[in-house]
Amino acid sequence: MNPLHPAHIGAVVRKQLINMGMGARLLWQLLTLMGPALRRPRLIGDQIHFLGNYSLAIIGVSGLFVGFVLGLQGYYILQRYGSSEALGMMVALSLLRELGPVVTALLFAGRAGTALTAEIGLMKAGEQLSAMEMMAVDPVKRILAPRFWAGLITMPLLAAVFSAVGIMGGWLVGVVMIGVDSGAFWGQMQSGVDWWADLGNGVMKSFVFGLAVTFVALLEGYAAKPTPEGVSRATTRTVVVASLTVLGLDFLMTATMFSI
């Protein structure tokens, strides 16, 4: 059929509307299942361990090297204006406001998001979700909700680790390697970073990114075709859609939070 044919366009629009409706319904279910999910802390704890512990290494190493780069580039830029003592403030603001939540969310999508999609997709391909429905067990309540809330809890913790390790990386490069005064490094950071305007908004970003990435991963796995090819395509879509969603939300939230 011709892609520009009205019938083809109508079918595509109808399919997208159905997908959006299913996604909105699933998100509402997950949000309303907060109470039942939190009443099973062991399930959420297992998923926090699965999502957070196995992502900790890549988050820590990435944060360290991002801190190294920020320390080097920040020093080269600030020394032109005689403001190399403000290196600590620049590194901290860059990590807490932007790089910490955003890079952590992108890494989280690539590591934990794909694992969630593959896990749910394989359970669907193996008809485990259908078997649970036959036994009157809601798979959304038993399988998806604990993973959703675990991702929402894990993401801010990983972002905090990323930012803390990145600040230490900037300190190692700026103070230990280059020779910036240590007192000026930490003093400028303490005086220039605001608890709510910088740290609070960064934490809020990480919560929103955690919700978006985890929801996209669960939705793609839950809607995947029950075949190996369908699961592989869903896993690829998770990385693409989650990454673009994070970048789009980052722009909107930055424009809202830091434009006043």
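Here, every reference points to the structure presented above.
Let us look at the structure shown here. Just so you know, these numbers come straight off a predicted model, no measurement behind them.

1. Quick word on a nonpolar patch on the surface
Argument step 1. On the surface, a nonpolar cluster with roughly 460 Å² of combined accessible area is contributed by Leu-106, Val-239, Val-240, Val-241, Leu-244 and Leu-247.
Argument step 2. Take the nonpolar patch: its biggest share by element is 5 residues, from helix α10 (residues 228–257).
Argument step 3. With respect to the element layout, Leu-106 can be found in helix α5 (residues 87–125).
Argument step 4. Assessed through its relative accessible area of 30%, Leu-106 is described here as partly exposed.

2. Points about the packing of aromatic side chains
Argument step 1. Under the counting rule described, the total for this entry stands at 5 aromatic pairs.
Argument step 2. Ring geometry for Phe-148 versus Trp-149: centroids 5.4 Å apart, planes at 85°, classification edge-to-face. Both residues of the pair, Phe-148 and Trp-149, count as buried.
Argument step 3. Taken together, a centroid distance of 5.2 Å and an interplanar angle of 80° make the contact between Phe-185 and Trp-186 edge-to-face.

3. Points about the packing of helix α4 (residues 56–78) against helix α7 (residues 139–178)
Argument step 1. As a packed pair, α4 and α7 sit with axes 7 Å apart at the nearest point and diverge in direction by 40°. The angle between α4 and α7 falls in the class oblique. The handedness of the crossing between α4 and α7 is right-handed. Packed against α4, whose contacting residues are Leu-56, Ile-59, Gly-60, Ser-62, Gly-63, Leu-64, Val-66, Gly-67, Phe-68, Gly-71, Leu-72 and Tyr-75, the element α7 presents Leu-158, Val-161, Phe-162, Val-165, Gly-166, Gly-169, Gly-170, Leu-172, Val-173 and Ile-178 at the interface.
Argument step 2. Grouping the amino acids of the contact of α4 with α7 by side-chain chemistry returns 14 nonpolar, 8 polar and no charged.

The rules behind the values
Residues numbered from 1 in each chain as written. Predicted model: local features only at pLDDT ≥ 70, side-chain atom pairs only at ≥ 80, totals over all residues. Heavy atoms only, no water. Patch = residues over 30% accessible without salt bridge, like charges linked within 9 Å, V, L, I, M, F, W, Y side chains within 5 Å. Areas by Shrake-Rupley, 256 points an atom, 1.4 Å probe, with all protein chains shown as cover. Salt bridge = Lys/Arg side-chain N within 4 Å of Asp/Glu carboxyl O. Helix = DSSP H or I, 4+ residues; strand = E, 2+ residues; numbered from the N terminus. Buried < 20%, exposed > 50% of the residue type's maximum accessible area, 1.4 Å probe, protein only. Phe/Tyr/Trp six-rings, centres within 6.5 Å; stacked < 30°, edge-to-face > 60°. Axes fitted to C-alpha atoms, helices over the stretch in contact; angles between N-to-C directions. Parallel < 35°, antiparallel > 145°, perpendicular 65-115°, else oblique. Left-handed = near helix turned anticlockwise from the far one by under 90°. Contact = heavy atoms within 4.5 Å. Nonpolar A, V, L, I, M, F, W, Y, C, P; charged D, E, K, R; others polar.

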